[in-house]
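Remarks on the overall topology
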Amino acid sequence: MKLHIIIFLTLALLLLLGACGNPAPTISPINETAGAPLPVHTAASDIASTATPEPKTLTVFAAASLTNAFSDIGKAFEAANPGVNVKFNFGGSQALRTQIEQGAQADVFASANTREMDALVTDGLVPADSAKIFLTNQLVVILPAKNPAGLSTLADLSKPGLKLVLAAKEVPVGNYALQVLDKLDAVLNTGYKNKVLANVVSYENDVKQVVAKILLGEADAGIVYLSDTITAPDLIKIVIPSENNVVARYPLAALSHAKNSALAQAFIAYVMSADGQTILHKWGFLPVN
Amino acid sequence: MRQRRLLTHNIVSTNSQTVWLFVVPGLLLVLLLGLPLLALFLRAFTSDFLTYALSETALAALKLSLVTSLISVIISLLVGTPLAYILARWDFPGRAALELLVDLPVVLPPSVAGLALLIAFGRQGIFGIWLAAIGISLPFTTAAVVIAQTFVSAPLFVRSARIGFAGIDPQLEEAAHVEGATQWQLFSQVMFPLAGRALISGAILAWTRALGEFGATILFAGNLEGTTQTMPLAIYLGFERNLNVAVVLSVVLVLVSIILLGVMRKLDKEQPK
């Protein structure tokens, strides 16, 4: 009799293991709308969503810079569509792209650059020509409120001995920052870019880490998105003139293997709508045109 | 040894049905632990292993990891051994609380450790301000990597050393006292040699932990190749840049860990008595 129980339990365990194995493994912790890291996508949530014929949970992978804006949009979308639950996974776009490539289950992907989106199109994970640019963003230099290094101009960033924090070049904002430095190198004295890069003390994984290091006052300056300064009004900004700035274009698309593509399309339509754009504008993003 | 074999055999023959009670769940765990590592090795050796293992990023990270983890182990030995000795052999008020404090970093999430270090010893940190006053800024330096590693790994060493010291027969201590030995003589001539194996195995355990340190390092020390980018950081970033680099670096780290654990097991087995 005891043996039967054991066999039953073993089979149940193996089934569970099979169930976890079926949908490709999710590597990322998925953040709830509030932003608290939660290791969702366990076996339980997968089983729950496959058991329901019409899944009402929408999983959105979005660039770290969108954290606040998309959390708001998620709440508004849920309010407009009762019974729908939007889950977010915020991170560096390059990390999200890798997670999706490795089989993470997502319905919608919002990237901070077209490179990561194009990579998913090449992989066949996003239908060709389906991605829409839904906002633009620009870069800005931020300094701690106390401005420990006494910086005031873009040229000051090349002063030796500064502690500068950038995002890694794999991260969209890190790549944009290098483009800005290239442009500034052309107008300021030559060698500007190399002098600035010599001051870099850390290359962070996503833009929010850069903001955190400046907010804590651990570094003298960082290069982030203009939208990041909305949540950190105490920071000092050094504006980068638009002729030396870049226009970061954010694409948005439903994934080919989205569990509920109708819901995914509805979410994208909401982001593009006047309501969605108003929320994005509130969080410091610029319209497409 | 002989006795143990007989015992196992006995269980199998008397009630072969309940064997599954142990084998099946045990096997599941073995699969869970073994399959990911197997996959890592299969993936690493089908790709261009040496090219990635000998890349500039990989070598810089490996060198930095080895140097910083060795320094942190030496620090653990120098300051952890006296502390372990105090905790094991002396009786004083607050000892239990002190033991708890020393054990805590073992169970703390590394991100908590990193944040705590940054808030304490960062440039604007509560104690970091004093350091800044004398011109020392820890974050983003190799020293910060060593501090982060020591924070998470020294408790493992202290724990092992404490158990080693506590296991020594109290009569030896009494005998030494009767002979008129000082605390230092007692420690250096009796306790230290007897607890030697516990110290070494604790040091190796701390070393492997320091090698694998990630969360506290990336928060407190940041990420810069050659200065603060250790193996685990290079693996994490390599994962997004080029999965092959990350896989190969992972395998190198697993191999180093296997060697260290192997040495530790050998030491444990050779233990007299």
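Residues numbered from 1 in each chain as written. Chains lettered and ligands numbered in written order. Predicted model: local features only at pLDDT ≥ 70, side-chain atom pairs only at ≥ 80, totals over all residues.

Glancing now at the overall build of chain B. Scanning chain B from terminus to terminus reveals 14 helices and 0 strands. Ordered by position in the sequence, the α and β elements of chain B form the string α-α-α-α-α-α-α-α-α-α-α-α-α-α. Taken along its principal axes, the extent of the C-alpha atoms in chain B is 65 × 60 × 30 Å. Expressed as a percentage of the 273 residues in chain B, the buried residues total 35%. Put simply, of all contacts in chain B between residues at least 6 apart along the chain, 77% involve residues at least 24 apart. (Helix = DSSP H or I, 4+ residues; strand = E, 2+ residues; numbered from the N terminus. Buried ≥ 20, exposed ≤ 12 C-beta atoms within 10 Å, placed from the backbone. Contact = placed C-beta atoms within 7 Å.)

What follows deals with helix α11 (residues 196-212) of chain B. Spanning 17 residues, α11 of chain B covers 25 Å between terminal C-alpha atoms, matching the ideal 24 Å at 1.5 Å per step. All buried positions along α11 of chain B are accounted for by A198, S201, G202, A203, I204, A206, W207, T208, R209, A210 and L211 of chain B. (Expected span 1.5 Å × (residues − 1).)

Turning to the nonpolar core, a few remarks are in order. Among the nonpolar cores identified, the biggest contains 139 residues, and V60, V108, F109, A110 and L139 of chain A together with A148 and L249 of chain B are the most heavily contacted of them. With 13 residues, the single largest contributor to this core is helix α8 (residues 142-166) of chain B. Each of domain 1 (2-136 + 250-282) and domain 2 (139-239) of chain A accounts for three or more of the residues forming this core. Setting aside residues up to four positions removed in sequence, V108 of chain A forms contacts with L58, V60, L252, A254, A264, F267 and I268 of chain A. (Core = buried A, V, L, I, M, F, W, Y, C linked by C-beta atoms within 7 Å. Domains from an automatic or database assignment.)

Here we take up the sheet that holds strand β11 (residues 236-239) of chain A. Residues and elements named next belong to chain A. Strand order in the open sheet formed by 5 strands is β9-β8-β10-β7-β11, with mixed pairing between adjacent strands. Strands at the two margins of the open sheet, each flanked by one partner only, are β9 (200-204) and β11. Along the sheet, successive strands turn relative to each other by an average axial angle of 30°, direction set aside. Here 2 bridges tie strand β8 (residues 164-167) to strand β10 (residues 221-225), and the two strands are oriented parallel to one another. Directly across from V165, in β10, lies its bridge partner G222. Lying on the sheet, helix α6 (residues 172-187) is in contact with β7 (139-143), β8, β9 and β10; it crosses β8 at an angle near 120°. Here helix α8 (residues 207-215) sits on the sheet in contact with β7, β8, β9 and β10, set at roughly 140° to β10. (Pairing = 2+ DSSP bridges. Axes fitted to C-alpha atoms, helices over the stretch in contact; angles between N-to-C directions.)

Buried accessible area, meaning the area lost when the parts come together, often serves as the stated size of an interface. All names here are of chain A. Looking at the assigned domains, one finds that chain A contains domain 1 (2-136 + 250-282) and domain 2 (139-239). Counting residues at the interface gives 11 residues for domain 1 and 13 residues for domain 2. Along the lines of polarity and charge, the residues of the side of domain 1 that touches domain 2 split into 3 nonpolar, 8 polar and no charged. (Nonpolar A, V, L, I, M, F, W, Y, C, P; charged D, E, K, R; others polar.)

Looking now at helix α5 (residues 114-122) of chain A. Residue and element names in this part refer to chain A. Looking only at α5, the buried set comprises E116, M117 and L120. Down the axis of α5, the smallest arc covering the buried residues is 100°, so these residues share one side. Those residues of α5 that are buried are in contact with α4 (93-101), β5 (108-110) and β12 (248-254). Among the residues trailing α5, G124 stands out with phi positive, at a value near 80°. (Arc of directions from axis to C-beta.)

Our next topic: the environment of T57 of chain B. Residue and element names in this part refer to chain B. The residue T57 is located in helix α4 (residues 56-89) in this model. Taking C-alpha positions, T57 is 32 Å from L31, a pair spaced 26 residues apart along the chain. Filtering out sequence-adjacent residues up to four positions away, T57 remains in contact with E225 and A234.

Residue and element names in this part refer to chain A. Packing of helix α3 (residues 67-80) against helix α10 (residues 274-282) leaves a shortest axis separation of 9 Å and a crossing angle of 150°. On the basis of their axis angle, the class for α3 and α10 is roughly antiparallel. Remark: the crossing between α3 and α10 carries right-handed chirality. Contact residues: α3 offers A69, D72, I73 and A76, while α10 offers D275, G276, I279 and L280. (Parallel < 35°, antiparallel > 145°, perpendicular 65-115°, else oblique. Left-handed = near helix turned anticlockwise from the far one by under 90°.)

Below, the discussion takes up the packing of α11 of chain B against helix α14 (residues 243-270) of chain B. Residues and elements named next belong to chain B. For the pair α11 and α14, the least separation of the axes is 10 Å and the interaxial angle reads 170°. In terms of their interaxial angle, α11 and α14 are classed as roughly antiparallel. Seen from α11, the contacting residues are R197, I200, S201, I204, L205, W207, T208 and L211; seen from α14, they are L253, V256, S257, L260, L261, V263, M264, L267 and D268. Residues that form the contact of α11 with α14 fall into these classes: 12 nonpolar, 3 polar and 2 charged.

Below, the discussion takes up the pairing of β12 of chain A. Residue and element names in this part refer to chain A. Counting buried positions over the 7 residues of β12 gives 6, a clear majority of the element. One ladder, built from 3 bridges, connects β5 with β12; its direction is antiparallel. Its bridge partner being in β12, A110 is matched across the sheet by L252. Note that strand β6 (residues 132-137) and β12 share 5 bridges and pair antiparallel.

Facing 18 residues of chain A, the contacting portion of chain B comprises 19 residues. Taken together, the elements giving at least two residues each to the side of chain A that touches chain B come down to α1 (2-21), α4 and β9 of chain A. Of the residues forming the side of chain A that touches chain B, the biggest block, 5 residues, is contributed by β9 of chain A.

Our next topic: unusual backbone geometry. Positioned with a positive phi, D129 of chain A is a non-glycine residue whose angle comes to about 60°. With respect to the helices, strands and loops of the structure, D129 of chain A is situated in the loop between α5 and β6. Within the chain, F140 of chain B stands out as a residue other than glycine whose phi angle is a positive 70°. Checked against the element boundaries, F140 of chain B lands in the loop between α7 (128-133) and α8.

Turning next to the environment of V173 of chain A. Residues and elements named next belong to chain A. Mapped onto the fold, V173 is located in helix α6. V173 sits in the buried class, given 32 other C-beta atoms within 10 Å. Non-local contacts of V173, meaning those with residues more than four positions away in its chain, are made with S65, A112, A167, V207, V224 and Y225.

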